[in-house]
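# Architecture at a glance
Residue strings, one per chain:
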Amino acid sequence: MKKISVLGSTGSIGTSALDVITHLNNFKVIGLSANKNKSLLKKQAKKFKPEITAVGRSGLKNISLISKADVVLISVVGAAGLIPLVNAIKLKKKIALANKEAIVIAGDLIAELLKKYPAKIIPVDSEHSAIFQCIDGKNPKEISKIILTASGGPFRNYSKKDLSEVKVKDVLKHPTWKMGRKITVDSATMINKGFEVIEAHYLFGIPYEKIEIVIHPQSIVHSAVEFVDGSIISQMSRTDMRIAIQYALTYPERKISTVKKLDLPSLGKLEFFNFSTGNFPCFELALTSARIGGTMPAVLNAANEVAVKKFLEGKIRFLQIPKFIEKAMKKHRVKKNPDLEDILDADFETRKFVEEMK
Ligand code: MN
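Basis of the calculations
Residues numbered from 1 in each chain as written. Predicted model: local features only at pLDDT ≥ 70, side-chain atom pairs only at ≥ 80, totals over all residues. Heavy atoms only, no water. Helix = DSSP H or I, 4+ residues; strand = E, 2+ residues; numbered from the N terminus. Expected span 1.5 Å × (residues − 1). Buried < 20%, exposed > 50% of the residue type's maximum accessible area, 1.4 Å probe, protein only. Contact = heavy atoms within 4.5 Å. Pairing = 2+ DSSP bridges. Axes fitted to C-alpha atoms, helices over the stretch in contact; angles between N-to-C directions.

## Section: helix 15 (residues 320-331)
- The end-to-end C-alpha separation of helix 15 is 17 Å, in line with the 16 Å expected for 12 residues at 1.5 Å each.
- Of the positions making up helix 15, those classed as buried are Q320, I321, P322, F324, I325, A328 and M329.
- In this fold, the buried residues of helix 15 make contact with helix 9 (181-189), helix 10 (191-204), helix 13 (281-292), helix 14 (296-312) and helix 16 (340-355).

And the structure:
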């Protein structure tokens with residue numbers, strides 16, 4: 001039995017992960033942590049009997065639930081995933097990573113740490129799991145581009161005017177994936193896809209100009225890799241995160257899963273379209289922050305987290321999300337080559353600034 005800790009066990013990925021762990025029956029859950037949902041955490045603890053449970057960001061407990069595990073699943077939402085990721089790398093763990101914001105805000109820092117410590121990150125994000133499976137240890141020089149697919153979210157064909165009127169309930173209706181609230185909003189603004197470009201850049205060491213977004217409304221092809229000879233290898237499966245989670249846990253092996261197999265004839269057709277960024281300023285802002293680098297991606301992310309929270313609370317409109325992010329980025333003085341403290345400072349300052357914005 002391998003020992004596993006699930007950080008963020010009460011969220012959408014965390015609960016699916018516990019399903020997968022139950023199904024696989026070869027992991028011992030030794031640690032569970034949650035941000036707020038104490039009652040679900042209590043239920044989970046009753047079933048899995050972990051040695052350690054933690055609520056919130058209680059530092060010491062969180063370190064011991066990483067240090068005692070062989071495998072750590074990080075499915076914490078937002079910048080809060082950064083410290084656990086840094087700790088898991090320093091403790092040389094096998095890391096199943098579902099949190100993308102940590103890579104977005106501290107990509108260079110994480111890359112440096114991975115040179116120093118022999119930890120291994122296996123992506124859980126569906127696109128990155130797909131890319132990981134397509135690359136499968138091949139020489140990066142053989143890759144000509146990464147094709148990152150996007151469903152386009154619920155507002156793919158909306159006009160700017162339509163977008164100005166959307167309500168929280170419209171945003172929370174994602175056409176193909178059932179996910180947590182924060183990432184569902186991020187998918188509607190398409191900032192999620194911007195995050196994923198940055199995530200792919202760092203996880204696979206691929207330059208930005210070799211990462212292409214293709215709209216694929218059916219979300220069956222989870223991403224693809226084009227090789228120098230013109231072959232494209234893609235990964236297809238149902239829109240069920242349990243496949244990507246399970247692969248991250250069983251890698252390099254594959255095990256039977258509980259997810260229903262794809263029936264290609266019943267799908268009929270798969271469509272692919274160009275992505276035009278016009279109505280999705282959040283996507284552009286994400287890539288701009290990556291080009292600027294330093295502490296700017298941390299500002300982008302913190303501003304987005306606060307703006308999304310305000311939107312979900314009904315305090316601001318959908319199109320104010322990019323406006324808030326832009327203001328925060330304009331105000332920020334970038335620090336190049338930031339250390340962890342610089343990144344956390346930028347995160348903290350930006351949250352304060354955007355909290356007060358109207
Ligand atoms: Mn994704």
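So much for the structure itself; the text now carries on.
## Focus on the sheet that holds strand 1 (residues 2-7)
- Read from one edge to the other, the open sheet built from 6 strands follows the order 3-2-1-4-5-6, with strand pairing classed as parallel. Edge positions in the sheet fall to strand 3 (52-55) and strand 6 (120-123), since each of these pairs with one other strand and no more. Here the strands of the sheet are splayed against their neighbours by 20° on average, with no regard to which way each runs.
- Pairing between strand 1 and strand 4 (residues 71-74): 4 bridges, direction parallel. Directly across from V6, in strand 4, lies its bridge partner L73.
- On top of the sheet, helix 1 (residues 12-24) reaches strand 1, strand 2 (27-34) and strand 4; it is set at about 170° to strand 2, its chief contact.
- On top of the sheet, helix 11 (residues 241-250) reaches strand 1, strand 2, strand 4, strand 5 (94-97) and strand 6; it is set at about 175° to strand 5, its chief contact.

## What to know about unusual backbone geometry
- Of note, the bond from Y251 into P252 is cis; its omega dihedral lies within 30 degrees of zero at 5°.
- Although it is not a glycine, K49 sits at a positive phi angle of roughly 45°.
- If you trace the backbone, K49 turns up in the loop between helix 2 (38-48) and strand 3.
- The exposure class of K49 is exposed, given its relative accessible area of 59%.
- Phi is positive for D136, close to 40°, though the residue is something other than glycine.
- Inspection of the secondary structure puts D136 in the loop between helix 6 (126-135) and strand 7 (143-150).
- Relative accessible area serves as the criterion here: at 48%, D136 is assigned to the partly exposed category.

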